[in-house]
Amino acid sequence: MNNIFVYCEVEEGIVSEVSLELLTKGRSLASQLACQLEAVLIGSGLKGVEKQILPFGVDVLHIADDARLEPYTTLPHAAILNKLFAEEKPQIALMGATPIGRDLGPRVSSALHSGLTADCTSLEIGDHEDKKAGMVYKDLLYQIRPAFGGNIIATIINPDCRPQMATVREGVMKKEKINDSYPGTVKNLEVSKYVSDLDFAVQIIERHTEKKKINIKGASIVVSGGYGVGSKENFKLLYDLAAVLGAEVGASRAAVDAGYAEHDRQIGQTGITVRPKLYIACGISGQVQHRAGMEESAQIISINSDPEAPINSIADYVITGDIAEIIPKMIKYYKLNTK
Amino acid sequence: MKGLKIIVLAKQVPDTRNVGKDAMKADGTVNRAALPAIFNPEDLNALELALRVKDTVPGSVITILTMGPGRAAEIIREGLYRGADSGVLLTDRAFAGSDTLATSYALAQAIKEMGHFDLIVAGRQAIDGDTAQVGPQVAEKLNLPQVTYVEEVLKVEKAAITVRRRLDNGVETVKSPMPMLLTVNSSAPDCRSRNVKMLMKYKHARTITEKQEATEDYTHLYDNRPFLYIREMTVADIKADAEQLGLTGSPTKVKKIDNVVLQAKDAKKLNTADEGINDLMKELIESHVIG
């Protein structure tokens, strides 16, 4: 009772990365709180999938296996969690900040009247004193997340309601197995006791996976390249950096005209205007037309072999040198300092 | 087919995307005055989606529901200029400090008072909180099916709607019975602009509070044109349980706020040396700009 629960996403027998990352975080929180780590797996054809989950230090794995439960739809998954959580009374429930977790989490938190914090970047255990009420709360989950467009960092707590729920984005927590033969127990749920036919009102008619649309406007970090990047091949460095930082790749008009990047990525007066938290300009000289599309970025890093490039005058950081040397170092030191 | 009754949930938000160098004060706090209040961007996508349903099913009626302070009536007018038919402003001091759950409860209670509806459309998330929670929570409170991350309505039938969802790695076509709630992504079409005729028709649309505070007297106008009333609802109108509202009704509490200092300084100059780049990445991670 009062354990930590992680909702695991599964598709075609593969448990998602973010779920395994959350199990790792859940394991360390459970050890700190001296409680057990439990996981919930809802899907179809789940025989053997426990082997992917138990090694992360899961003490109890609840499995709901039914052909109607995959692919994911909201109502049956919510119905299972609502009833299971009402029975098991977890103190903490975690899920991925994915389209599934962000669809399911609020539905469950509303049904259980428990607090949910979306997109946490850090989870810690700590106490809280409510001086007005004269109450001290021990061992609460601190749910830490950026808010207000990333301009503030808020620590959220749920003093009174359980479970304390949080979602976390993929890649935020690290993933670490405990032991391949960790002695966890599997409990198979009798699905018909948890869902009713009414829960299958929404039908999936068709689904297919495809590449994500480019969304530079909505990106909080933009890695952008200019003519100075030198070639389409060199642009791959920018994609590597963007992938690591969770950024989008943009380009100057000169780079687009030279064929280094697609037209959809063009930033500037005749392209897209962006105001990200961080704009990394690689090999961009910084003509007025380009600056019009990015000069309101909160912070600007300019990487350029020319120490006198005009863009340097509006940059917060100027790195003089070859991008082929600098970008791999940025990736290296980013990774070293985060995990 | 009979026209649909559609409710669009919308929020007035500070424009956090417009965070320029003057948006943060020297002490690192947010300079709210430098951020204009706008129609939450994805709620505009939601409005456009509703307008397209109205285009396909003539006779449909769109009502914008927003919760906020008195000035949030601005976004209702904005919606009327773009093709919505009416608006409701849910406003009361008792709502102050609401988290997503208390907000959803108040909205759901208001919707129950608004009478029959077929479809509720909301933006996926608001840019001041980015939680994406209010849509699904309102659906749960009203015991409705929900479909999130919607990009396009493909088909409207009697008591059923088929939509396309845009997910991280692909698309999904789903069919749901109505009444239901859907939330709309920014990948959906942008909202049409103001219609000049509508602008003329609704430019004097006011809530009762705004009318009382107005310096000019348009009483004669309102007598002849009841559509100029923007309905105002307070706690008293929605039969709400006070325990579930505002700060008291919010399970989540803010324990602490740390400011991210985005102040521009004189440019720091670096070269290809490892140490400088290491320090830069460390600094950006510590100030939560990246990571």
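Remember, it's a predicted structure, so these values are computed and weren't measured experimentally.

**Observations concerning the overall build of chain B**
Step number 1: Helices and strands together make up the secondary structure of chain B, namely 8 helices and 14 strands.
Step number 2: Projected onto its principal axes, the C-alpha positions of chain B cover 70 × 50 × 45 Å.
Step number 3: In chain B, buried positions account for 54% of the 291 residues.
Step number 4: Partitioning the intrachain contacts of chain B with sequence separation of at least 6 by distance along the chain shows that 70% fall at a separation of at least 24.
Step number 5: Surface accessibility of chain B: about 13,000 Å² in total, with carbon and sulfur atoms responsible for 50%.
Step number 6: Here chain B holds 39 positive side-chain charges and 39 negative ones, and the gap between their average locations is 5 Å.

**Some thoughts on the nonpolar core**
Step number 1: Core analysis: the biggest nonpolar cluster contains 45 residues, and Ile6, Leu47, Val121, Ile161 and Leu182 of chain B have the highest contact counts within it.
Step number 2: At 7 residues, helix 1 (residues 41–56) of chain B tops the list of elements feeding residues into this core.
Step number 3: Counting residues in hydrophobic clusters, the runner-up holds 38 residues, among them Leu245, Ala255 and Tyr317 of chain A together with Leu280 of chain B.

**Overview of the packing of aromatic side chains**
Step number 1: Under the defined criterion, the tally for this structure stands at 5 aromatic pairs over all chains.
Step number 2: Ring geometry for Tyr227 of chain A versus Tyr260 of chain A: centroids 6.0 Å apart, planes at 15 degrees, classification stacked. Of this pair, Tyr227 of chain A sits in the loop between strand 14 (221–225) and helix 5 (232–245) while Tyr260 of chain A sits in the loop between helix 6 (253–257) and strand 16 (278–282), and the two are 33 residues apart along the sequence.
Step number 3: Taking relative accessible area as the criterion, Tyr227 of chain A reaches 54% and is therefore assigned exposed.
Step number 4: Judged by relative accessible area, Tyr260 of chain A falls into the buried class, the value being 12%.
Step number 5: When the ring of Tyr202 of chain B is compared with that of Phe227 of chain B, the centres are 5.8 Å apart and the planes differ by 80 degrees; the resulting orientation is edge-to-face. Of this pair, Tyr202 of chain B sits in helix 5 (residues 196–202) while Phe227 of chain B sits in the loop between helix 7 (219–224) and strand 12 (229–233), and the two are 25 residues apart along the sequence.
Step number 6: Note on Tyr202 of chain B: relative accessible area 4%, which makes it buried.
Step number 7: Clustering of aromatic rings is evident, with ring pairs tying together Tyr227, Phe235 and Tyr260 of chain A.
Step number 8: The lysine or arginine in question, Lys83 of chain A, covers the ring of Tyr194 of chain A, its NZ or CZ lying 5.3 Å from the ring centre.

**Notes on the domain arrangement of chain A**
Step number 1: When the domains of chain A are assigned, the result is domain 1 (4–200) and domain 2 (221–338).
Step number 2: Centre-to-centre separation of domain 1 of chain A and domain 2 of chain A, based on C-alpha positions: 38 Å.

**As for the sheet that holds strand 14 of chain A**
Step number 1: A sheet is described by the order of its strands in space; here 6 strands give the open sequence 15(A)-14(A)-16(A)-17(A)-18(A)-14(B), paired in parallel fashion. Each of the sheet's edge strands pairs with one partner strand only, and the pair in question is strand 15 (248–251) of chain A together with strand 14 (268–270) of chain B. Neighbour to neighbour, the strand axes of the sheet diverge by 20 degrees on average, direction disregarded.
Step number 2: With 5 bridges connecting them, strand 16 of chain A and strand 17 (residues 299–304) of chain A associate as parallel partners. Paired with Ile280 of chain A across the bridge in strand 17 of chain A is Ile301 of chain A.
Step number 3: Here helix 8 (residues 323–338) of chain A sits on the sheet in contact with strand 16, strand 17 and strand 18 (317–320) of chain A, set at roughly 135 degrees to strand 17 of chain A.

**Regarding empty space enclosed by the protein**
Step number 1: Scanning the model with the defined rule gives 2 cavities of 30 Å³ or more in all.
Step number 2: Within this model, the largest cavity holds a volume of roughly 100 Å³.
Step number 3: The wall of the largest cavity is formed by 13 residues, among which Thr73, Thr74 and Val202 of chain A together with Gln146 and Arg165 of chain B lie closest to the centre.
Step number 4: Only helix 3 (74–88) of chain A together with strand 7 (146–157) and strand 9 (170–177) of chain B provide two or more residues apiece to the lining of the largest cavity.
Step number 5: Among the residues making up the lining of the largest cavity, the classes are represented as 6 nonpolar, 4 polar and 3 charged.

**Comments concerning the sheet that holds strand 5 (residues 60–65) of chain A**
Where strands meet in a sheet, backbone hydrogen bonds hold them as pairs that are either parallel or antiparallel.
Residues and elements named next belong to chain A.
Step number 1: Read across the open sheet, the 7 strands follow the order 7-11-6-1-4-5-12; overall the sheet is parallel. A single partner strand is all that each edge strand has here, and the edge strands are strand 7 (116–120) and strand 12 (185–188). The average angle at which neighbouring strand axes cross in this sheet is 20 degrees, direction not considered.
Step number 2: As defined by bridge partners, strand 7 adjoins strand 11 (residues 164–168) across 3 bridges and the pair is classed as parallel. From the neighbouring strand, Thr117 faces strand 11, where its bridge partner is Ala166.
Step number 3: Against the sheet, helix 1 (residues 17–33) makes contact with strand 1 (4–8), strand 4 (37–43), strand 6 (92–96) and strand 11, and its axis sits at roughly 175 degrees relative to strand 1, the strand it touches most.

**Examining the environment of Asp306 of chain A**
All names here are of chain A.
Step number 1: Secondary-structure assignment places Asp306 in the loop between strand 17 and strand 18.
Step number 2: On the basis of relative accessibility, which here comes to 35%, the residue Asp306 falls in the partly exposed class.
Step number 3: When the C-alpha atoms of Asp306 and Val244 are compared, they prove to be 26 Å apart, with 62 residues separating the residues in sequence.
Step number 4: Engagement of the side chain of Asp306 in a polar contact is seen with the backbone nitrogen of Glu308, the distance being 2.7 Å.

**Thoughts on the environment of His62 of chain A**
All names here are of chain A.
Step number 1: Assignment of secondary structure puts His62 in strand 5.
Step number 2: Taking the C-alpha atoms as reference points, His62 and Val40, separated by 22 residues in sequence, lie 4.8 Å from one another.
Step number 3: If we skip the residues at most four places from it in the chain, His62 touches Phe5, Glu38, Ala39, Val40, Leu41, Leu84, Glu88, Lys187 and Leu189.
Step number 4: Reaching out from His62, the side chain makes a polar contact with the side chain of Glu38 at a distance of 2.6 Å.

Rules behind the numbers
- Residues numbered from 1 in each chain as written.
- Chains lettered and ligands numbered in written order.
- Predicted model: local features only at pLDDT ≥ 70, side-chain atom pairs only at ≥ 80, totals over all residues.
- Heavy atoms only, no water.
- Helix = DSSP H or I, 4+ residues; strand = E, 2+ residues; numbered from the N terminus.
- Buried < 20%, exposed > 50% of the residue type's maximum accessible area, 1.4 Å probe, protein only.
- Contact = heavy atoms within 4.5 Å.
- Areas by Shrake-Rupley, 256 points an atom, 1.4 Å probe, with all protein chains shown as cover.
- Lys, Arg positive; Asp, Glu negative; His and termini not counted.
- Charge placed at Lys NZ, Arg CZ, Asp CG, Glu CD.
- Core = buried A, V, L, I, M, F, W, Y, C linked by side-chain atoms within 4.5 Å.
- Phe/Tyr/Trp six-rings, centres within 6.5 Å; stacked < 30°, edge-to-face > 60°.
- Lys NZ or Arg CZ within 6 Å of the ring centre and 35° of its normal.
- Domains from an automatic or database assignment.
- Pairing = 2+ DSSP bridges.
- Axes fitted to C-alpha atoms, helices over the stretch in contact; angles between N-to-C directions.
- 1 Å grid on protein atoms, 1.4 Å probe; cavity = no way out; pocket = protein on both sides within 12 Å on 5 of 7 lines; lining within 4 Å.
- Points joined across faces, edges and corners; volume = space filled by probe spheres on them.
- Nonpolar A, V, L, I, M, F, W, Y, C, P; charged D, E, K, R; others polar.
- Polar contact = N/O pair within 3.5 Å; in protein donor to acceptor, adjacent residues only side chain to side chain.

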